[in-house]
Amino acid sequence: MRTLVLQHISCEPPGVYEDVLLERGATILRVELDEGEPLPGWNEFDALLAMGGPMSVNDEADQPWLIDEKRLIGEAVRAGIPFFGACLGAQLLAASLGARVYPGPEPEIGLLPVCLTDAAAGDPLFAGLPRELLTFQWHGDTFDLPTGAELLATSPSYPQQAFRWGRTAYGLQFHLELSAQMATEWGDMPAYAKALEQSLGPGSLEKLVEALGRRADELRGHARSIFERWLDLSAAVSQRAPSAPSAYTAKPRLKNL
């Protein structure tokens, strides 16, 4: 499976999702958009994976590459290309399908549960998972559901936690893919560390990394289950439906300093 990975900062790689892709023998092209790497045409790929990042999908003035990225995602998903988005990736999917993305009531950070909906019980990816699913959250924006989307997970503060659009486009507001080491790397980023201490207080990074270390295997186990099912579903759909031609072209963007 030829997979395009859209990455928005070096410390937020695909984690266990990439492990699964490599185990399956997938061909991966990783594009780090914040470094000015140009987007290829989406019709060169069998699937798209979009990861998290510190920016908002609405930061087009400061990060103009978001315009091209959202256009690519919207075109690819509407053409039936399988898509899987985590955190910012979920917000990008929502925005690309015409939904509003906006600040939530307050930052949501930490190991927190989401509740799977009744629709999730019959979903190809979420069926059989615990009704209350432990997740790792670190975000301040939320979004409306795109027209035609199915809500799969929710929480009191951020009702839109996971959704499916069409057969193979999924957005997860939360992280399951990361390890304690990845969380430590996030804390080493000055902007991330500052945001964490402002939300959770001094010493919160150490507590968060410790808690994640105790539960990382649980999260990554669910990540593997969900992502392997998505790959199986994507492969089946891709074999039956050849990609539509794309007129999309993107100009390389320079990183905003």
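Placed above this text is the structure.
Residues numbered from 1 in each chain as written. Predicted model: local features only at pLDDT ≥ 70, side-chain atom pairs only at ≥ 80, totals over all residues. Heavy atoms only, no water.

Chemist: Outline the overall build of the protein, listing residues and values.
Modeler: Helix and strand counts for the protein stand at six helices and nine strands. Relative to its full complement of 257 residues, the protein shows a buried share of 54%. The contacts of the protein with a sequence gap of at least 6 include a subset with a gap of at least 24, amounting to 75%. (Helix = DSSP H or I, 4+ residues; strand = E, 2+ residues; numbered from the N terminus. Buried < 20%, exposed > 50% of the residue type's maximum accessible area, 1.4 Å probe, protein only. Contact = heavy atoms within 4.5 Å.)

Chemist: Account for the nonpolar core, with residues named and values stated.
Modeler: The biggest cluster of nonpolar side chains holds 44 residues, and the ones touching the most others in it are Tyr17, Phe84, Phe126, Tyr170 and Phe227. Residue assignment for this core shows that the elements contributing at least two residues are α1 (16-23), β3 (47-50), β4 (83-86), β5 (101-116), β6 (132-143), β7 (150-154), β9 (169-172) and α6 (204-240). For this core, the leading source of residues is α6, giving twelve residues. With residues near it in sequence (within four places) discarded, Phe84 still touches Tyr17, Leu48, Leu49, Ala50, Leu125, Tyr170, Leu172, Ile226, Phe227 and Trp230. Core analysis: the next-biggest nonpolar cluster, separate from the first, contains 30 residues, Ala50, Leu66, Ile73 and Leu88 among them. (Core = buried A, V, L, I, M, F, W, Y, C linked by side-chain atoms within 4.5 Å.)

Chemist: I'd like to hear about the packing of aromatic side chains, residue by residue, with values.
Modeler: For the structure shown, the criterion picks out seven aromatic pairs. With a centroid separation of 5.1 Å and an interplanar angle of 70 degrees, the aromatic rings of Tyr17 and Phe84 are classed as edge-to-face. One end of the pair, Tyr17, is in helix α1; the other, Phe84, is in strand β4, with 67 residues separating them in the sequence. An aromatic cluster of three or more residues is present, and its members are Tyr17, Phe84, Phe227 and Trp230. The ring of Tyr102 has Arg100 lying over it, and the distance from NZ or CZ to the ring centre is 3.8 Å. (Phe/Tyr/Trp six-rings, centres within 6.5 Å; stacked < 30°, edge-to-face > 60°. Lys NZ or Arg CZ within 6 Å of the ring centre and 35° of its normal.)

Chemist: Break down the environment of Val31 for me, with residues and values.
Modeler: By the element assignment, Val31 lies in strand β2 (residues 27-32). Sequence separation of Val31 and Gln7 is 24 residues, and the distance between their C-alpha atoms is 6.0 Å. Those residues within four positions of Val31 in sequence are excluded, and the remaining contacts are Leu4, Val5, Leu6, Gln7, Glu37, Pro38 and Pro40.

Chemist: So what's going on with the side chain of Gln91? Residues and values would help.
Modeler: Checked against the element boundaries, Gln91 lands in helix α3 (residues 88-96). Overall, Gln91 belongs to the buried group, its relative accessible area being 3%. Excluding anything up to four places from it in sequence, Gln91 contacts Val57, Val101, His139, Asp141, Phe143 and Gln173.

Chemist: So what about unusual backbone geometry? Which residues, and what values?
Modeler: A positive phi angle is found at Cys87, which is not glycine, with a value near 60 degrees. Judged by relative accessible area, Cys87 falls into the buried class, the value being 5%.

Chemist: Explain the packing of helix α2 (residues 65-78) against α3 to me, and be specific about the residues and the numbers.
Modeler: At a minimum axis separation of 9 Å, α2 and α3 run at an interaxial angle of 75 degrees. In terms of axis orientation, α2 runs roughly perpendicular to α3. Residue-level inspection shows Leu66, Glu69, Lys70, Ile73, Gly74, Val77 and Arg78 of α2 in contact with α3, the latter providing Leu92, Leu93, Ala95 and Ser96. Of the residues belonging to the contact of α2 with α3, the class tally is six nonpolar, two polar and three charged. (Axes fitted to C-alpha atoms, helices over the stretch in contact; angles between N-to-C directions. Parallel < 35°, antiparallel > 145°, perpendicular 65-115°, else oblique. Nonpolar A, V, L, I, M, F, W, Y, C, P; charged D, E, K, R; others polar.)

Chemist: Got a sec to walk through the pairing of β2? Specific residues and values, please.
Modeler: Looking at chain direction, strand β1 (residues 2-7) and β2 are connected through six bridges and run parallel. Bridge assignment links Gln7 to a residue of β2, and that residue is Glu32. Crossover connection from β1 via α1 to parallel β2: handedness right-handed. (Pairing = 2+ DSSP bridges. Right-handed = clockwise from strand over helix to strand, strands pointing away.)

Chemist: Please set out the pattern of salt bridges residue by residue, giving values where relevant.
Modeler: One pass over the structure, following the stated rule, counts 14 salt bridges. Among the salt bridges present, the one from Arg224 reaches Glu23, with a minimum N-O distance of 2.6 Å. With a gap of 201 residues between them, Arg224 in helix α6 and Glu23 in helix α1 connect regions that are remote in the sequence. A relative accessible area of 26% places Arg224 in the partly exposed class. The class of Glu23 is exposed, set by a relative accessible area of 52%. The salt bridge partner of Arg164 is Glu150, with a shortest N-O separation of 4.0 Å. In this pair, Arg164 is assigned in strand β8 (residues 162-165) and Glu150 in strand β7, connecting sequence segments 14 residues apart. Ionic contacts of the salt-bridge type, sharing partners, join the residues Glu23, Arg224 and Glu228 into one network. (Salt bridge = Lys/Arg side-chain N within 4 Å of Asp/Glu carboxyl O.)

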